[in-house]
Amino acid sequence: MRIGAIEAGGTKFVCGIGNEHGVIEDSISFPTESPEITLGKAIAYLKDKRVEAIGVGSFGPIDLRQDSPTYGYVTTTPKPGWSRFDFLGALRREFPVPLGWDTDVNAAALGEAAWGAARGLNSCLYYTVGTGVGIGVYLEGRLVHGLVHPEGGHVPVRRHPDDDFAGRCPYHGDCLEGMAAGPAIEARWKAKGHELPGNHPAWEIEAFYLAQSITGAVLLVSPEKVILGGGVMQQPQLFPLIREAVRRNLNGYINAGEILERMEEYIVPPGLGQHAGLCGALALGLKALTGPLLSS
């Protein structure tokens, strides 16, 4: 099979071709500009690839309700030019093949469940922490949508006692994304995350906010694996800080070996590495073509 994949990020697009085994055979990337320019490049890349289906994992919010007149649209994003853009419609006009459509983080969660760190499990959460914060939710063998789709990056968080930063979210100020995304780190400390040393107080504060979200998610939906990806999570010192903060927050209440004894196997980097998002889009395309990839 030849499946097209589009990882539509707010900063860059990654497009690729892969097969039913999750193997990416070719890919390109380019900056996210206006919809016309960006989708034009994606369409040009896929046009001669003879794909049988295309999967799209997109930055959001997006409309996932198939009975909605705006199904396939990007909806309320603050990204200029993309609000109320008919993403799937633009692809449908060019490619008469099945199209898979979901959030970029839900796609990554599906990819990790099919071929990555959550392979063989019935549930996982996928966090991306970068330009924004997004959370993909895979539970009981299926992706979670609900009323719209999970927007876990915008949950309220309790403020760190040593942090007086106002927050960067244009909608909510000091939500998780407003306090923990890459732009928040840069605005708070006047330097990009990769420019800060590993022992900088930034990382304990970052872990504090992310651990709050993970703690709440563990208590609410009880995932079998928590996967943390994105540019900010390239700082290896964050993982032990987050694991310890989650363990401290739970305080022995969750009686599971993964929490009490094997946290390093429970909160993990993506098994698919930097390809989690693109493999996830590939999984969406394969699912659109063949039906469910995984049994519930």
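Residues numbered from 1 in each chain as written. Predicted model: local features only at pLDDT ≥ 70, side-chain atom pairs only at ≥ 80, totals over all residues. Heavy atoms only, no water.

### Quick word on the side chain of Asp163
How we decide: Secondary structure elements follow DSSP: runs of H or I of four or more residues count as helices, runs of E of two or more count as strands, with numbering from the N terminus. Only protein chains enter the calculation, and the probe is 1.4 Å; a residue is then buried if its accessible area is under 20% of its type maximum, exposed if over 50%, and partly exposed in between. Contacts are assigned to residue pairs with any non-hydrogen atoms lying within 4.5 Å of each other.
Looking at the secondary structure, you find Asp163 in the loop between strand E10 (142-143) and helix H4 (176-180). What makes Asp163 buried here is its relative accessible area of 6%. Filtering out sequence-adjacent residues up to four positions away, Asp163 remains in contact with Met179, Arg188, Ile205 and Tyr209.

### Overview of the environment of Met179
Of note, Met179 is situated in helix H4. Take Met179: its relative accessible area is 1%, and that puts it in the buried class. Sequence separation between Met179 and Leu238 is 59 residues; the distance between their C-alpha atoms is 15 Å.

### Some words on the pairing of strand E9 (residues 133-139)
Our working rule: If DSSP finds at least two bridges between two strands, the strands pair.
Most of E9 is tucked away, with seven of its seven residues classed as buried. Pairing geometry for strand E8 (residues 124-129) and E9, over six bridges, is antiparallel. Bridge assignment links Thr128 to a residue of E9, and that residue is Gly134. Across two bridges, the pairing between E9 and E10 is antiparallel. Of the residues in E10, the one forming a bridge with Leu139 is Arg142.

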